[in-house]
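Structural features, examined
Each chain, letter by letter, is given below.
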Amino acid sequence: MTNPTIPGVLPREVHPEIIPIYDSDTSDEETENTIGNVPLEWYDDFPHIGYDINGKKIMRPAKGDELDKFLAKMEDPDDWKTVEDEKSGKKIVLSKEELEMIRKIQGGDYADGYDPYEPYVDWYTSDVMVTPLSAAPEPKSRFIPSKWEGRRIMKIVRAIRKGWIVPGKKKEEKPRFYALWDNDDEAEERPNHIPAPKLPLPENDMSYNPPAEYLPTEEEIEEWKKLDPEDRPKNYLPKKYSSLRAVPAYDRFIEERFERCLDLYLCPRVRKNKFQIDPESLIPKLPDPKDLQPFPTSLAITYKGHNGRVRSISVDPTGQWLASGSEDKTLRIWEVVTGRCLRIWKMEESITNVSWNPNKMFSLIAVVAGDTVKLINPLVASNEVQHNTDEFLKPQSEIEKSKHAEWINPSTSEAKNGIRQVIKFEKNVTYITWHRRGDYFATVSPDAANSAVLVHQITKRQTQNPFKKSKGLVQRIQFHPSKPFLFVATQNFVRIYNLVKQELIKKLQTGVKWISSMDIHPGGDNLIIGSYDKRLCWFDLDLSVKPYKTLRYHKFAIRNVCYHKKYPLFASCSDDGNINIFHGMVYNDMLQNPLIVPVKIIKAHEITENLGVLNCEFHPIQPWIFTCGADGNIKLFS
Amino acid sequence: MEDSKSNEGPKVQVRFTTQQSKYAIADTPIMIPIQFKKSSLSQIINQILDLDTFVKFEFLIDGKFLKGSLKKYLADNNLSAENQLLIEYIEAMQPPQSLPSYQHDDWISSVSICSKKNLILTGSYDKVGRIWDMSGNCIANLVGHTAGVKTVSWLERKDNTYCLTGSNDNTVRIWQFDENTGNGTPIFECKGHEGTIEDIAITKSNDYFATASYDSNIKIWGMNAGLDKEEENNDDNDDEIESKQKKRKISSDIKIKNSMATLKGHNNGVNCLVFDKNSYTLYSGGNDHSLRFWNIEARSNTFTLNCEKVINCIDFSSHNSLLATGHSDKFIRIWDSRIKEGSSVKLRLSSHNKWVSSLKWSPKSPYMLVSGSYDSSVKFWDIRSSTSPLYTIKGGNELDDKVLCVDWVHNLVATGGSDTILRLHSTSGIDPQNSQ
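Residues numbered from 1 in each chain as written. Chains lettered and ligands numbered in written order. Predicted model: local features only at pLDDT ≥ 70, side-chain atom pairs only at ≥ 80, totals over all residues. Heavy atoms only, no water.

1. Some words on the interface of chain B and chain A
For clarity, the threshold we go by: Here, two residues are considered to be in contact whenever any of their heavy atoms come within 4.5 Å of each other. What gets called buried area is simply the loss in accessible area from a 1.4 Å probe that two parts show on being joined, summed for both. A carboxyl oxygen of Asp or Glu within 4 Å of a side-chain nitrogen of Lys or Arg is what we treat as a salt bridge. Think of a polar contact as two N or O atoms within 3.5 Å of one another; within protein, one of them needs to be a possible hydrogen donor and the other a possible acceptor, and neighboring residues in sequence only count if both atoms come from side chains.
Contacts between the two partners involve 25 residues from chain B and, on the opposite side, 28 residues from chain A. Across the interface of chain B and chain A, roughly 2,300 Å² is buried in total on both sides, 47% from carbon and sulfur atoms. At the boundary of chain B with chain A, the tally comes to 3 salt bridges. Applying the counting criterion to the chain B and chain A interface returns 14 residue pairs in polar contact (both at pLDDT 80 or more).

2. A word on the sheet that holds strand E26 (residues 331-336) of chain B
Residues and elements named next belong to chain B. Formally: In this scheme, strands are said to pair when DSSP sees at least two bridges between them. Helix and strand definitions follow DSSP, with helices as H or I runs of at least four residues and strands as E runs of at least two, each counted in order from the N terminus. Whenever a helix is involved, its axis is fitted only over the stretch in contact; in every case the axis is a line through C-alpha atoms, and angles between N-to-C directions fall within 0 to 180 degrees.
Strand order in this open sheet of 4 strands is E24-E25-E26-E27, and the pairing throughout is antiparallel. Of all the strands in the sheet, just strand E24 (311-316) and strand E27 (345-350) have a single pairing partner and so form its edges. Ignoring which end each strand starts from, the neighbouring axes of this sheet average 20 degrees apart.

3. A word on the packing of aromatic side chains
Cut-off, in case you're wondering: Any two rings among Phe, Tyr and Trp, with Trp reduced to its six-membered ring, count as a pair given centres within 6.5 Å; such a pair is stacked if its planes are under 30 degrees apart, edge-to-face if over 60, and tilted if neither.
In this structure the tally under the stated criterion is 29 aromatic pairs over all chains. Ring geometry for Phe 362 of chain A versus Phe 392 of chain A: centroids 4.2 Å apart, planes at 10 degrees, classification stacked. Of this pair, Phe 362 of chain A sits in the loop between strand E10 (351-356) and strand E11 (365-369) while Phe 392 of chain A sits in helix H8 (residues 383-392), and the two are 30 residues apart along the sequence. Judged by centre distance (5.5 Å) and plane angle (85 degrees), the ring pair of Phe 380 of chain B and Trp 408 of chain B falls under edge-to-face. You can see Phe 380 of chain B sitting in strand E30 (residues 377-382) and its partner Trp 408 of chain B sitting in strand E32 (residues 403-409), a full 28 residues away along the chain.

4. Remarks on the environment of Gly 123 of chain B
Residue and element names in this part refer to chain B. Operational definition: Buried residues are those whose accessible area, probed at 1.4 Å on protein chains only, stays under 20% of the maximum for their type, while exposed residues exceed 50% and partly exposed ones sit between those limits.
Of note, Gly 123 is situated in strand E8 (residues 120-124). Judged by its relative accessible area of 0%, Gly 123 is buried. Each C-alpha atom of the pair Gly 123 and Ser 109 lies 5.6 Å from the other, and the pair is 14 residues apart in sequence. Excluding residues within four positions of it along the chain, Gly 123 makes contact with Trp 107, Ile 108, Ser 109, Ser 110, Val 128, Gly 129, Val 149 and Val 152.

5. What to know about a nonpolar patch on the surface
Residues and elements named next belong to chain A. To keep things clear, this is the line we draw: Like charges within 9 Å and nonpolar side chains (Val, Leu, Ile, Met, Phe, Trp, Tyr) within 5 Å are joined into patches, using only residues over 30% in relative accessible area that form no salt bridge. The protein chains shown are the only cover counted for residues, whose accessible areas, like all others here, come from Shrake-Rupley with a 1.4 Å probe.
Taken together, the side chains of Leu 67, Phe 70, Leu 71 and Met 74 make up a nonpolar region of the molecular surface, amounting to roughly 430 Å² of accessible area. Turning to its location among the elements, Leu 67 is positioned in helix H1 (residues 66-75). Judged by its relative accessible area of 56%, Leu 67 falls in the exposed class.

6. Points about the pairing of strand E1 (residues 48-51) of chain A
Residue and element names in this part refer to chain A. When E1 meets strand E2 (residues 57-59), the two strands line up antiparallel, connected through 3 bridges. In the strand pairing of E2, His 48 is matched with Met 59. The hairpin formed by E1 and E2 contains 5 residues between the paired strands, and Gly 55 there has a positive phi angle of roughly 90 degrees.

7. A closer look at empty space enclosed by the protein
All names here are of chain A. Stated precisely, the cut-off is as follows: Any residue with an atom within 4 Å of a point lines the site, the site being either a cavity, points on a 1 Å grid over the protein atoms alone where a 1.4 Å probe fits but cannot get out, or a pocket, an open set with protein on both sides within 12 Å along at least 5 of 7 lines. Grid points are joined across faces, edges and corners, and a volume is the space filled by probe spheres set on the points. Only Asp, Glu, Lys and Arg are considered charged, only Ala, Val, Leu, Ile, Met, Phe, Trp, Tyr, Cys and Pro nonpolar, and every remaining residue, Gly among them, polar.
Evaluated as defined, the whole model comprises 4 cavities of 30 Å³ or more. As a volume, the largest cavity reaches approximately 110 Å³. Lining the largest cavity we find 13 residues, and of these Phe 467, Lys 469, Ser 470, Lys 471 and Val 474 sit closest to its centre. Looking at the lining of the largest cavity residue by residue, the class counts come to 7 nonpolar, 3 polar and 3 charged.

8. Comments concerning a positive patch on the surface
Residues and elements named next belong to chain A. Let me state the cut-off plainly: When charges are counted, Lys and Arg contribute as positive and Asp and Glu as negative, whereas His and the chain ends are disregarded. By convention, the charge on Lys lies at NZ, on Arg at CZ, on Asp at CG and on Glu at CD.
A cluster of basic residues, Arg 152, Lys 155, Arg 158, Arg 161 and Lys 162, forms a positive patch on the protein surface. Its place among the elements puts Arg 152 in helix H3 (residues 147-161). Note on Arg 152: relative accessible area 59%, which makes it exposed.

9. Comments concerning the UniProt feature "repeat: WD" (unreviewed entry) in chain B
Residue and element names in this part refer to chain B. The criterion, for reference: UniProt positions are given in the numbering used here, feature names are shortened, and annotations may be inferred rather than shown by experiment.
Mapped onto this numbering, the UniProt entry annotates "repeat: WD" (unreviewed entry) at residues 101-135, 142-185, 190-231, 263-304, 311-336 and 349-391. Between the end C-alpha atoms of residues 101-135 the distance is 10 Å, and the span holds 0% helix and 54% strand. Structurally, residues 311-336 is divided into 0% helix and 69% strand, and its ends, taken at the C-alpha atoms, are 16 Å apart.

10. Let's talk about the side chain of Arg 252 of chain A
Residues and elements named next belong to chain A. In this fold, Arg 252 is placed in the loop between helix H5 (218-226) and helix H6 (253-266). Here the side chain of Arg 252 touches Tyr 250 through a polar contact of 3.3 Å, side chain to side chain. Residue contacts for Arg 252: discarding those within four places in its chain leaves Asn 235 and Glu 259.

11. Focus on the pattern of salt bridges
Following the criterion strictly, the structure yields 32 salt bridges over all chains and no others. The partner of Arg 340 of chain A in a salt bridge is Asp 106 of chain B, and the shortest N-O contact between them spans 2.3 Å. Residue Arg 340 of chain A is located in strand E9 (residues 340-346), and its partner Asp 106 of chain B is located in the loop between strand E6 (97-103) and strand E7 (108-113); the two belong to separate chains. For Arg 340 of chain A, a relative accessible area of 12% puts it in the buried group. One salt bridge in this structure joins Arg 423 of chain B and Asp 419 of chain B, with 2.6 Å as the shortest N-O distance. The exposure classification of Arg 423 of chain B matches that of Asp 419 of chain B, with both residues buried. Put simply, Arg 309, Arg 311, Glu 327 and Glu 609 of chain A are held in one network by salt bridges that share partners.

Quick look at the structure:
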């Protein structure tokens, strides 16, 4: 404490000298007793109080009796600062410093002489001292260039070399005076920034004094008021005031602010990525319809005469005559190339279906009217063919009676008119189809449960029922063009039966709700169906039982679909009054899928009572198509 | 000419020529402003000729009619105004004059005008062929076919005048027409075709005729004395056919005639045929889209041209050996029968809206033809101006009416169709040669 004091420098704290005598300091003294951390009471009954490092018992120091202790206390002046070390049983006299420390702790003071209120010493002042504080030599790092700085500089150098940083580039000088709010583009430069939608500019009629032509008339005001606020084209009415002074307070201000807030709030703040794909490139590459000619394009002839809906048409296999059956209960024969009606038959009921025998040796039409089918020789073919037909249908005396259909020989007057055979059914017949050889034909009468499909043979005058059980409402049937297969279309499925083995070969899953029509490709491996739910499905029978392609081009139900026998064409006709012509090329190569290209949509018939084109059929030789419609006309497109 | 008002601007040197001698002018070049149109050119010719009444002219440059101004012609042909133009002029044609028309009971499928006697033969779908004189009287009914008559033709020989009628009942009937009594007596029934008779063609010499049928065959029938031999056959034939069909009332008087030859080659129905001028070649067109040339002597198909559409009608022009065909695609195609390589379609005339059902070359002009179509119009064409027809006349009452047949003999054009009216038109104004 007697150190010389330098002005402004606090005296160094001085600790007492350590006197190197026994038990002056116990900090480095080794504990003699080795019993560890056990209570000493355990040794109360023993003469020793523990063991020394060598394992020898440390004997309890001899203690005098209470009187001795008292006397000793009285004699010892240091007794008040003597404590007993329990472990060793020795007495320790506390030093002056230790006493001081105890006193400080008791007083709630710092124990070790720390002075929290030392005066502040500003060691690093601006005052230059005569002698430096430190005489240490300068460190080496001060004399070598910095590694980190070097790295940073190299980064910049590299950026300059790559042109990211252009040194010496002059800053664009802003003019000294410029419009502060002028530049809105700056904000747009920020990536992904979507500016708030701008307020529309005020229009002429928003003026307090708009030109007269902007002022609404009385009726217009009435009309505006009648409209719902959402439906109004403008949410204000232009008004004229004589002067700006006369303009009242703006009553819609809060409403307008609210709408603006809504605008801002509802404005999409996410940039939507629009696909930048050329829509053309998404369209599959199809050949130009021009290269796929010939196909029907324009109306050539209208066959007029029917007074009711023409339900069905059929062209004779030579392509010279056309038969049509209508709801006016007449069957008509037309000359195809001139549109001349040659013959008319009157039936008892409206005709639902006509079908020309596909065999060129015969000239025979099957006509379905109600529950009867009539086989009619139309008397237009050459003598030889007519003769063949009549021989073929010569009245037979013995006719086997079938429970499903009754074969009746025509009366003489009927025979004179060309009617050669009448077949009566239990239920109404909806559809008739011929086998390619012209001897068999099959009829559909959907109401007749398990005898819905009947196959008839003319030469034997026989009717057979091929199915014992009904598999659903039969819509159409058709014979395979070359194999002994029969295709039966019910509402949802097309089943293919082998007539020789009498078994089901395939069941096509159409995926449509209600099949309306069906046609088989002349090659026999492809099939199209049309449905009342506007779909046209193409099946490749070798490929799958699911449609190869489903086309939806019509607005309303499809009434009929048909293939061309010679050209790669097929068509569908619908209640929307249109016929769609498609190019449908089937390749001989089994690996190549059929090519289907829509080539032409023809507006064919007027829609009358929600019915449009009821039937269509291709000319057997030319690329022409016949259509018949609910408007009572038959049309030829070439 | 130089004094005329509108002679400013560029001019072109022009020489006028004509083949009509009464309008001939001196062959001297004249400078004419290039914006002149044919009306101004007509005025020039009229001034030069100093005619009493104004005559309208048509002008031809390089065989094409001038339409619009000379300037347009020069621009279209990339010519400069320094070229000298040789312009041919002809008297402008008058539109055809309508003559009284004759009402029929049913559709008229065919018409033929007799060139010498001024008689008109029509075939109708009511199975009757009718002969009309020029005052509108039906002087004879040819009754006998069991189906509608599809085609008719006159056949004039030294001794007699015959009418030929082909029908949907697959037969052709030959009727002898007696001018004095005005009766038509059937003399032959030509049997052999298996399909309907679509067309009859007659040679210039009137020795034989050919028929086209839907059974895809063409048959040639003779009119000479050789007939007798064929008549012998008719008994067997008769028995066969008669047994199949009802016996006809008049069949006792009719002899059955068989064909001289059958030309097979068409794959489908034959719609039309025509002989060329010296009768050695027969041209036929049909549903198989082919135009076939037949050698009559060899009875063989010498050449086939293919076209994309059905050929509905054909006619041969003896003036320039051109074939005209009408198609089921609104077009008339002009073929050069002499060119056998490459595309021989010389021209395509388009203005009809529907199928062309019939056509006929002008009997006098090598350039003109008349055509009838299902769009109920009859059009007159000059092949020198292929872009538009010269005249369009009505062929039916309504747009739906179809013109089924036309014929053009001398100055008379007859058309018939589904409106059941036989319409006659005088074309004396059309033929320029007429006024020579």
